[in-house]
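Report on the structure
Given next are the chains, with one letter for each unit.
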Amino acid sequence: MKSEFLNLIEVAGIITFSISGVLAAQEKKLDIFGIFIIAFITAMGGGTLRDILIGDLPVNWMVNTQNAAIVFISAAVAIPFRRTIKNLQKVLIVFDSLGLGLFTLVGIEKGIDHGFTPAICVALGTITGCFGGVIRDISINNIPLIFQKEIYAIACIAGGIIYFLLIPFFPKDIVGMIVIAFIFILRMLVVRFNWSLPDMYRESKR
Amino acid sequence: MKSEFLNLIEVAGIITFSISGVLAAQEKKLDIFGIFIIAFITAMGGGTLRDILIGDLPVNWMVNTQNAAIVFISAAVAIPFRRTIKNLQKVLIVFDSLGLGLFTLVGIEKGIDHGFTPAICVALGTITGCFGGVIRDISINNIPLIFQKEIYAIACIAGGIIYFLLIPFFPKDIVGMIVIAFIFILRMLVVRFNWSLPDMYRESKR
Amino acid sequence: MKSEFLNLIEVAGIITFSISGVLAAQEKKLDIFGIFIIAFITAMGGGTLRDILIGDLPVNWMVNTQNAAIVFISAAVAIPFRRTIKNLQKVLIVFDSLGLGLFTLVGIEKGIDHGFTPAICVALGTITGCFGGVIRDISINNIPLIFQKEIYAIACIAGGIIYFLLIPFFPKDIVGMIVIAFIFILRMLVVRFNWSLPDMYRESKR
């Protein structure tokens, strides 16, 4: 059902969310098991919460295990290179923003498939895109970053609204591409507008 | 099924729980998105956890979206007036206690509808009434207030026990009113007995 | 379906996990209600999360309420004796390790009953055995112990792998006994190897 292109971005999103989890876990000096779990929570937590709330159980990663495998492989590769990766933050933010767009779109479309109202679909998109990070932050004893700095969530919500404004007029795939592009560009613009690279992994240092 | 009167109290309960979330979020200096989410978690978290545990999915607020709308409208109205509201704490505690009674009753009756034992029904009532606050506290990095100061939970549990003591003898609606009144009066009495207004939002200052 | 022997160990596991929760809650100076809730979360949290993720709802303790009763009775008995119990830590670790083995086995076999892949079954065993402690730690505002000190989780994962290595060759009950024994002995050996009794309840002092 999903195009090859979307699958590729989803995989890229999983990989960067997973690496983001590795970096956050490392700053809390978690051991190897903790790092893997936090990587998994970051990449899969949003979709898991979404599936629980709508009752689409067992949760997706138990049935389609290749996504879970991608998380663990990404984390395993990232752990030895974690210093280098931190210097690649600009690249990471690009991937992470793409993943945010795709995850949001997946959540919105899943909501539509289940017949929810547009407002709930936007909420499901936001949960899918953002709540992996929320559960990660709560697990490692931080106040969730997006409760304090709303860039992530605003991009998801705005992207979701655009989806429902455009869907009566354009084919679904086109709208999906536009939403992903919008969320991606909005997030990148915010980074640019601050005229400095926001250290998106500094959240655990607070 | 529910009477107009109960619906009115439920709405009042949602509003005050939502405002309570706004005040707690504000003390943690969350941004606007964080404030809305914490208001939502406070008002809807208990019922959401209850629905997940009993498998009544999708959770209620996804289907009956007017309750979610009430949360967001309450929070939106409360945010600009949040200093004034803090001075209205006496009024807030009245509403909050009424909401606690109603939420507990909703949980108990939902448990009965699903055929659970009385003990589980009392647990579901307590979860519905109290665990929105628990999830709120965990989300903003506090140890849940009711784990430290049991007024809330004891009132719910005692109310639930009274429900099952009376239900063989009186009509369901009458018993419901008595339980709500009992929880409301017990909570207000505790406040009175302490001879000072318990600052129910001081929990986040620890 | 389960043998008498396994039932006995499960009860022993519930009791020790429950007591472990009492001790952790006490160190955080929670009130009586908080202590009971934390005991319940410690003993039942892992199985509850497992049942939610696989959609086996209502969660088990709502239907088979005797396990919930065992938790509360254990906690009620433990609270007045909590100083003595702390001196019985060696005994507690024996029970706790047995419970860990049994809980892991229950999770694995539930995964098999639902037709999941071996990797997911091992994950479900680990969740059942370890995540009660994880949810307990998050609830009382600690970074989960097993994210920092992986003994628990490694024992569960290794036990799960051994289960699937042996199951083609031996009867299910025999494999179950071996897995429980393996997890039990591995955990006890780690304790021994450290040449000192690891204070498994010191986690809350950090």
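Use the structure listed above.
Rules behind the numbers
- Counting starts from 1 at the beginning of each chain's written sequence and moves along it residue by residue.
- Chains and ligands are labelled sequentially in the order written, the chains with letters from A and the ligands with numbers from 1.
- In keeping with the model being predicted, local features are shown solely for residues with a pLDDT of at least 70 and side-chain atom pairs are shown and tallied solely at 80 or more, while totals for entire chains, interfaces and linings include all residues.
- As a rule here, side-chain values cover all heavy atoms of the structure and leave hydrogens and water aside.
- Fitted lines through C-alpha atoms give the axes, limited to the stretch in contact for helices. The angle between two N-to-C directions lies from 0 to 180 degrees.
- A helix here means a DSSP run of H or I that spans at least four residues, while a strand means a run of E at least two residues long, and both kinds are numbered starting from the N terminus.
- The scheme is simple: roughly parallel for angles under 35 degrees, roughly antiparallel for over 145, roughly perpendicular for 65 to 115, oblique for anything else.
- Throughout, a crossing is termed right-handed when the near helix is turned clockwise from the far one, and left-handed when it is turned anticlockwise from it by less than a right angle.
- The contact definition used throughout considers only heavy atoms, calling two residues in contact when any of these lie within 4.5 Å.
- Residues were grouped as follows: Ala, Val, Leu, Ile, Met, Phe, Trp, Tyr, Cys and Pro as nonpolar; Asp, Glu, Lys and Arg as charged; and all remaining residues, including Gly, as polar.
- Copy-to-copy superposition: least squares on the C-alpha atoms, limited to residues that have pLDDT of at least 70 in both copies.
- One less than the residue count of a helix, multiplied by 1.5 Å, gives the span that helix is expected to have.
- Buried means the residue's accessible area, taken with a 1.4 Å probe over protein chains only, is under 20% of the maximum for its type, while exposed means over 50%, and partly exposed covers the values in between.
- Throughout, the arc means that of the directions going from the helix axis to the C-beta atoms.
- What qualifies as a polar contact is a pair of N or O atoms within 3.5 Å, subject to a donor-acceptor requirement within protein and to the restriction that residues adjacent in sequence count only when both atoms come from side chains.
- Here the quantity called buried area is the accessible surface, traced with a 1.4 Å probe, that two parts lose on coming together, added over both.
- Take a side-chain nitrogen of Lys or Arg and a carboxyl oxygen of Asp or Glu: if they are within 4 Å of each other, that pair is a salt bridge.
- Among the buried residues, those of types Ala, Val, Leu, Ile, Met, Phe, Trp, Tyr and Cys that are joined through side-chain atoms within 4.5 Å form a nonpolar core.

With respect to the packing of helix α2 (residues 32-54) of chain A against helix α7 (residues 118-139) of chain A
Residues and elements named next belong to chain A.
- Between α2 and α7, the shortest axis-to-axis distance is 7 Å and the interhelical angle comes to 130 degrees. Taken as axis vectors, α2 and α7 run oblique relative to one another. Considering how the two elements wind past one another, α2 and α7 form a crossing that is right-handed. Of α7, the residues touching α2 (which contributes Ile 38, Ile 41, Thr 42, Gly 45, Gly 46, Gly 47, Leu 49, Arg 50, Leu 53 and Ile 54) are Leu 124, Ile 127, Thr 128, Phe 131, Gly 132, Gly 133, Ile 135, Arg 136 and Ser 139.
- Across the contact of α2 with α7, the residue classes break down as nine nonpolar, eight polar and two charged.

Points about the relation of the copies chain C and chain B
- Aligned on chain B, chain C shows an RMSD of 0.0 Å; the corresponding rotation is 120 degrees and the shift along the axis is 0.0 Å. Interpreted geometrically, this transformation is the action of a three-fold axis. The position closest to the rotation axis in chain C is occupied by the C-alpha of C:Asn141, lying 3.8 Å away.
- Interface residue correspondence from chain C to chain B reaches only 20%, placing this contact among heterologous pairings that use different surfaces.

Side note on helix α4 (residues 65-78) of chain B
All names here are of chain B.
- With 14 residues, α4 should cover 20 Å at 1.5 Å per step; its first-to-last C-alpha distance of 20 Å lies within 8% of that length.
- Within the span of α4, buried status applies to Asn 67, Ala 68, Ile 70, Val 71, Ser 74, Ala 75 and Ala 78. For α4, the arc enclosing every buried residue in end-on projection is 155 degrees, short of the 170-degree limit, so these residues lie on one face.

Some thoughts on the relation of the copies chain A and chain C
- Taken as rigid bodies, chain A and chain C are interconverted by a rotation of 120 degrees and an axial shift of 0.0 Å, the fit giving an RMSD of 0.0 Å.
- Take the interface residues of chain A: only 20% of them recur as interface residues in chain C, which is what a contact between different surfaces looks like.

Thoughts on the side chain of C:Ser139
- Inspection of the secondary structure assignment puts C:Ser139 in helix α7 (residues 118-139).
- The exposure class of C:Ser139 is buried, given its relative accessible area of 5%.
- In terms of polar contacts, C:Ser139 uses its side chain to reach the backbone carbonyl oxygen of C:Ile135, at 2.8 Å.
- Those residues in contact with C:Ser139 that lie beyond four places of it in its chain are B:Ile138, B:Ile143, B:Pro144, B:Phe147, C:Ile38 and C:Ile41.

A word on the interface of chain A and chain C
- At the interface, 20 residues of chain A touch 23 residues of chain C.
- Where chain A packs against chain C, one counts two residue pairs in polar contact (both at pLDDT 80 or more).
- For the side of chain A that touches chain C, the secondary-structure elements that each account for two or more residues are α2, α3 (60-63) and α7 of chain A.
- Sort the elements by how many residues they give to the side of chain A that touches chain C and α2(A) lands first, with seven residues.
- Classifying every residue of the side of chain A that touches chain C gives 13 nonpolar, five polar and two charged.

What about the interface of chain C and chain B?
- Opposite the 20 residues of chain C that make contact, chain B presents 24 residues.
- Surface buried jointly by chain C and chain B totals about 1800 Å² across both partners, of which 76% is contributed by carbon and sulfur atoms.
- Our count for the contact surface shared by chain C and chain B stands at zero salt bridges.
- The tally of links between chain C and chain B comes to two residue pairs in polar contact (both at pLDDT 80 or more).
- Secondary structure elements with two or more residues in the side of chain C that touches chain B: α2 (32-54), α3 (60-63) and α7 of chain C.
- The element best represented in the side of chain C that touches chain B is α2(C), accounting for seven residues.

Thoughts on the nonpolar core
- A:Met62, B:Met62 and C:Met62 are the most contacted members of the largest nonpolar core, which has 184 residues in total.
- Once residues lying within four places of it in the same chain are set aside, the contact partners of A:Met62 are C:Leu53, C:Ile54, C:Phe116, C:Ile120 and C:Leu124.

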